[in-house]
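Chain by chain, the residues run as shown.
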Amino acid sequence: KAKGKAMKPFLSVLIATYNRKDLLQKAVLSVQNQGFENLEIIISDDGSNDGTNELCKALCEKDKRIFYTKNTHYQKGPNGNKNNALDNAKGEFIMFLDDDDELLPNAINSLVEKSKEGYTHIFGNCVVQKGETLTGEFSGKGLTQSGEVSKKDFLLGKFYGEFLSIFKRSLLGQNRFDDKLWGNEAVLWVHLYEGKSFYIHKPLRIYKIRRDDSVTQAADKNASRVYLGYLALAQLLEREFNATQDKEYKKQIAIYYKMAAYYAKLAKMYKKMLECLLKSLSTKPTKEALMLLCVCFVPSKVLKFLTSLRVRLCKN
């Protein structure tokens, strides 16, 4: 082959990891088994001390499409680690894969095929695994058939949960996850809906839940950063409402302020909690916000118990 500048891969698969060496190896293998060659795998490590470094160096030796980098530029946490991976990506399209999840066969081809129709953001569902059992339950909720989705659908929370997507890197431009936040990736994902988005109603990834070290489980421990995320989402929707005067946004704005209040409470930021509760109730009164107002000064442990009890009762 002629020497020269290496061609950029079509797809960059980004895996942010921290102390999950064995699970990470399974995640990488699920990408390698896709049969899609025109890709790179970027592994960004948030300071693991479990042998991840040695594993990744070995993986890079065996597969030249794998690149290993350490997050030293951003604040420690899921968002900063993902930013580090994103900064190193060279592909036209991007996929984020959690280090404890696995792609199902032909997942990448299913998404890439749809990109050939002009869609810049394509996503499919995931199947939930509890322990060692695949449940058949979809982790992404609200969408029941394949089709185009809009920015408004996304902002109003008409679908939610865990999905698997690819998107054109150019949609993000220089925008990145806010590394002061813990989760709340929707603040960045809204940019993906500036192009054409398509949803594929089938599972493309195994999504593992009820892990003690999951981002969701860690949310309570990082309550102040989760609070900032919900506050940012509420303000994002307020800007959309001010631009469109579409009253449908009001309910979702109220929900996000209520969630911000809940996590402000867990973080013992009581003034912020009350400010967000009042914003929620003044935007659109809801029984959930009123209930939180009634119990907002009970101990956090009691509040978390009441919240989990309510979720269980609603499911039954």
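Provided above is the structure to which this section pertains.
## Re the overall build of the chain
Turning to step 1, where the next piece is worked out: What the chain contains, in helices and strands, is 11 helices and 12 strands.
Turning to step 2, where the next piece is worked out: When burial is assessed residue by residue, the chain has 51% of its 316 residues classed as buried.
Turning to step 3, where the next piece is worked out: Counting contacts in the chain only where the partners sit at least 6 residues apart, residues at least 24 apart contribute 75% of the total.
Turning to step 4, where the next piece is worked out: A total accessible area of about 16,300 Å² is found for the chain, and carbon and sulfur atoms account for 53% of it.

## What to know about the pattern of salt bridges
Turning to step 1, where the next piece is worked out: Tallied over the full model, the rule gives 21 salt bridges.
Turning to step 2, where the next piece is worked out: Across the pair Asp-101 and Arg-205 runs a salt bridge, and its minimum N-O distance is 2.8 Å. In this pair, Asp-101 is assigned in the loop between β4 (93–96) and β5 (102–103) and Arg-205 in strand β12 (residues 197–209), connecting sequence segments 104 residues apart.
Turning to step 3, where the next piece is worked out: Given the relative accessible area of 3%, Arg-205 is considered buried.
Turning to step 4, where the next piece is worked out: Residue Lys-151 pairs with Glu-194 through a salt bridge whose shortest N-O separation is 3.3 Å. A residue pair is termed long-range when its members are at least 10 positions apart, and Lys-151 in helix α5 (residues 151–155) and Glu-194 in the loop between α6 (186–189) and β12 qualify at 43 residues.
Turning to step 5, where the next piece is worked out: Owing to a relative accessible area of 24%, Lys-151 belongs among the partly exposed residues under this scheme.

## Quick word on the packing of helix α8 (residues 249–266) against helix α9 (residues 270–283)
Turning to step 1, where the next piece is worked out: In the contact formed by α8 and α9, the axes pass within 8 Å of each other and the chain directions differ by 165°. With respect to α9, the element α8 is oriented roughly antiparallel. Judged by the twist between their axes, the crossing of α8 over α9 is left-handed. Seen from α8, the contacting residues are Lys-250, Ile-253, Ala-254, Tyr-257, Lys-258, Ala-260, Ala-261, Ala-264 and Lys-265; seen from α9, they are Tyr-270, Lys-272, Met-273, Cys-276, Leu-277, Lys-279, Ser-280 and Thr-283.
Turning to step 2, where the next piece is worked out: Among the residues forming the contact of α8 with α9, the class breakdown is 10 nonpolar, 2 polar and 5 charged.

## Regarding the side chain of Ser-12
Turning to step 1, where the next piece is worked out: Assignment of secondary structure puts Ser-12 in strand β1 (residues 11–17).
Turning to step 2, where the next piece is worked out: In this structure Ser-12 comes out as buried when scored by relative accessible area, which is 0%.
Turning to step 3, where the next piece is worked out: A polar contact of 2.5 Å, which involves the side chain of Ser-12, links it to the side chain of Glu-40.

## Some details on the layout of surface pockets
The probe, sized like a water molecule, is rolled over the atoms to show the empty space still left.
Turning to step 1, where the next piece is worked out: The computed volume of the second largest pocket comes to approximately 200 Å³.
Turning to step 2, where the next piece is worked out: In terms of lining residues, the second largest pocket is bounded by 12 residues, among which Met-7, Lys-8, Pro-9, Leu-39 and Glu-40 are the most central.
Turning to step 3, where the next piece is worked out: Taken together, the residues that form the lining of the second largest pocket break down as 5 nonpolar, 1 polar and 6 charged.

## A closer look at the packing of aromatic side chains
Turning to step 1, where the next piece is worked out: All told, the structure shown has 18 aromatic pairs when counted by the stated rule.
Turning to step 2, where the next piece is worked out: Residues Phe-163 and Tyr-199 carry aromatic rings whose centres are separated by 6.0 Å and whose planes lie at 90° to one another, so their mutual orientation is edge-to-face. Here Phe-163 is found in the loop between β10 (160–161) and β11 (164–168), whereas its partner Tyr-199 is found in strand β12, with 36 residues between them in sequence. For the pair Phe-163 and Tyr-199, one class covers both residues: buried.
Turning to step 3, where the next piece is worked out: Following the ring pairs from residue to residue traces out a cluster consisting of Phe-123, Phe-154, Phe-159, Phe-163, Tyr-193 and Tyr-199.

## Overview of the pairing of strand β7 (residues 133–138)
Turning to step 1, where the next piece is worked out: Judged from the 3 bridges that link them, strand β6 (residues 121–130) and β7 form a sheet pairing that is antiparallel. Bridging across to β7, Lys-130 finds its partner in Thr-133.
Turning to step 2, where the next piece is worked out: In textbook terms, the turn of a hairpin is the stretch between consecutive antiparallel strands, and for β6 and β7 this stretch comprises 2 residues, one of which, Gly-131, has a positive phi near 65°.

Definitions and limits used
For every chain, the first residue of the written sequence is number 1, and numbering continues from 1 along that sequence. The predicted nature of this model means local features are confined to residues of pLDDT at least 70 and side-chain atom pairs, given and counted, to a pLDDT of 80 or more, with totals for whole chains, interfaces and linings taken over all residues. Heavy atoms from the whole structure form the basis of all side-chain values; hydrogens and water molecules are not counted. The way it works is that DSSP assigns letters per residue, a run of H or I at least four long becomes a helix, a run of E at least two long becomes a strand, and they are numbered from the N terminus. For every residue, the accessible area (1.4 Å probe, protein chains only) is compared with the maximum for its type, and the residue is labelled buried under 20%, exposed over 50%, or partly exposed between those bounds. Between two residues, a contact is recorded if the distance between any of their heavy atoms is within 4.5 Å. Accessible surface area values rest on a Shrake-Rupley calculation with a 1.4 Å probe, where residue burial reflects the displayed protein chains alone. The term salt bridge refers to a side-chain nitrogen of Lys or Arg lying within 4 Å of a carboxyl oxygen of Asp or Glu. To get an axis, fit a line to the C-alpha atoms, keeping to the stretch in contact for a helix; angles then go from 0 to 180 degrees between the N-to-C directions. Oblique is the label for every angle not falling under 35 degrees (roughly parallel), over 145 degrees (roughly antiparallel), or within 65 to 115 degrees (roughly perpendicular). Crossing handedness is defined as follows: a turn of the near helix away from the far one that is anticlockwise and smaller than a right angle gives a left-handed crossing, while the clockwise case is right-handed. Residues are grouped as follows: Ala, Val, Leu, Ile, Met, Phe, Trp, Tyr, Cys and Pro are nonpolar; Asp, Glu, Lys and Arg are charged; every other residue, Gly included, is polar. A 3.5 Å cut-off defines polar contacts: any pair of N or O atoms within that distance qualifies, except that in protein one atom must be a possible hydrogen donor and the other a possible acceptor, and neighbouring residues in sequence count only when both atoms are side-chain atoms. In the cavity and pocket records, a cavity denotes points on a 1 Å grid over the protein atoms alone where a 1.4 Å probe fits but cannot get out, a pocket denotes an open set with protein on both sides within 12 Å along at least 5 of 7 lines, and lining residues are residues with an atom within 4 Å of a point. Grid points are joined across faces, edges and corners, and a volume is the space filled by probe spheres set on the points. Working definition: rings of Phe, Tyr and Trp (its six-membered ring) pair if their centres are within 6.5 Å, and the pair is stacked with planes under 30 degrees apart, edge-to-face with planes over 60 apart, and tilted otherwise. Here the rule is simple: two strands pair whenever DSSP picks up at least two bridges between them.

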